[in-house]
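Okay, here's what each chain looks like letter by letter:
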Amino acid sequence: MPGGASGCLSFPFVQLPERLTRRRLLGLAALGVGGAAWPVEDAAAGPRAVSSGAVTCVLAPELTEGPYYVPNEAVRRDITEGKPGTPLRLHLTVVGTSSCKPLRSAAVDIWHADASGVYSGVAGNSGTFLRGVQKTDRNGLAVFDTIYPGWYQGRAVHIHVKVHVGGNVVHTGQLFFPDTLTDQVYKAAPYRARGNPDVADAADSIYRNGGSRSLLHPVKSGSGYLASMVMGVHTG
């Protein structure tokens, strides 16, 4: 089945999810993209929280890559390729752990399953859907437009992420979603046809080894959700 179930290996620096409501998610609105209402946010909200000291770099576990990584994916913001699902906009900010300053031109690579629990480009599956790379801007921010991930047997709902700086991989991780939110999202098509995941976060072998520190806290916006994460990486 898709995904990786091996344990945690080492501990790079990764930022806790932005859960601080005082600095959180400014200027939410709906923006139509390809017929979907994508959530939008003040692009500087994450980096501003870092620079103000409201968010600080902390130690969190690196999580397994899993068996379905495909290198050299397209550099693009919208990775949906028409796949149906609840719109999800990801704001991923990369900072250096030595200073907590944003890193410009880091390559952020994400991939995840569709609403049916299928990964593109592996295990006999065609296409490149729900895979892509974005370079961070001067604020260390990479933005992706995707859909809320589907689930597959034995794993909680998640998104894989890699961060490359100067041609080197400086972080490999997985981003998780609250079970209560997943249950809510999966009440709608196309998710409801498969029902809820067979594994909750707390029962997931990867989540138990540090995934709680990579737990996203999406907020509703328009017909979709917006989720942010600040990832501290060591580049020295």
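For the structure itself, look to the data block above.
Quick caveat, the model's predicted, so the values are computed rather than measured. Sequence order sets the numbering: in each chain, residues are counted from 1 along the sequence as written. Restriction of local features to residues with pLDDT of at least 70 applies here, the model being predicted, together with a cutoff of 80 or more for giving and counting side-chain atom pairs; totals for whole chains, interfaces and linings are based on all residues. To get the side-chain values, all heavy atoms of the structure are used, and hydrogens and water are removed first.

This part covers the environment of Val133. Checked against the element boundaries, Val133 lands in strand S5 (residues 131-135). Each residue is assigned to one of three classes by its accessible area relative to the maximum for its type, calculated with a 1.4 Å probe on protein chains only: buried under 20%, partly exposed between the two thresholds, exposed over 50%. The class of Val133 is buried, set by a relative accessible area of 10%. It is 5.5 Å that separates the C-alpha atoms of Val133 and Val108, two residues lying 25 residues apart in sequence. Two residues qualify as a contact provided that any one of their heavy atoms is within 4.5 Å of a heavy atom in the partner residue. If we skip the residues at most four places from it in the chain, Val133 touches Glu73, Ala74, Val75, Arg76, Ala107, Val108, Asp109 and Phe144. The helix and strand labels rest on DSSP assignments: H or I over at least four residues marks a helix, E over at least two residues marks a strand, and numbering proceeds from the N terminus.

Pairing between two strands requires that DSSP report at least two bridges joining them. An order of S6-S3-S10-S9 is seen for the four strands of this open sheet, with the pairing classed as mixed. Bordering the open sheet on either side are strand S6 (141-147) and strand S9 (219-221), each of which pairs with just one other strand. Adjacent strand axes in the sheet meet at a mean angle of 30°, parallel and antiparallel pairs treated alike. Bridge count between strand S3 (residues 87-96) and S6: seven bridges; the pairing is antiparallel. By the bridge assignment, Leu90 is partnered in S6 with Phe144. Only the stretch in contact is used when fitting a helix axis, every axis being a line fitted to C-alpha atoms; angles between N-to-C directions are given from 0 to 180 degrees.

A separate point is the nonpolar core. By size, the foremost hydrophobic cluster in this structure holds 33 residues, and its most contacted members are Leu90, Leu92, Val108, Ile110, Phe144, Tyr148 and Met231. Counting residues per element, the ones that place at least two in this core are S3, strand S4 (107-111), S6, strand S7 (158-165), strand S8 (168-176), helix H2 (179-185) and strand S10 (224-233). At five residues, S10 tops the list of elements feeding residues into this core. Every residue in contact with Phe144, bar those within four places of it in the chain, is listed here: Arg76, Arg77, Ile79, Leu88, Arg89, Leu90, Leu92, Val108, Ile110, Gly132, Val133 and Gln134. Tyr68, Val70, Trp111 and Tyr152 belong to the second-largest nonpolar core, a separate cluster that totals seven residues. Only buried Ala, Val, Leu, Ile, Met, Phe, Trp, Tyr and Cys residues count toward a nonpolar core, and they belong to the same one when joined by side-chain atoms within 4.5 Å.

Keep in mind these numbers describe shape, not what the thing actually does.
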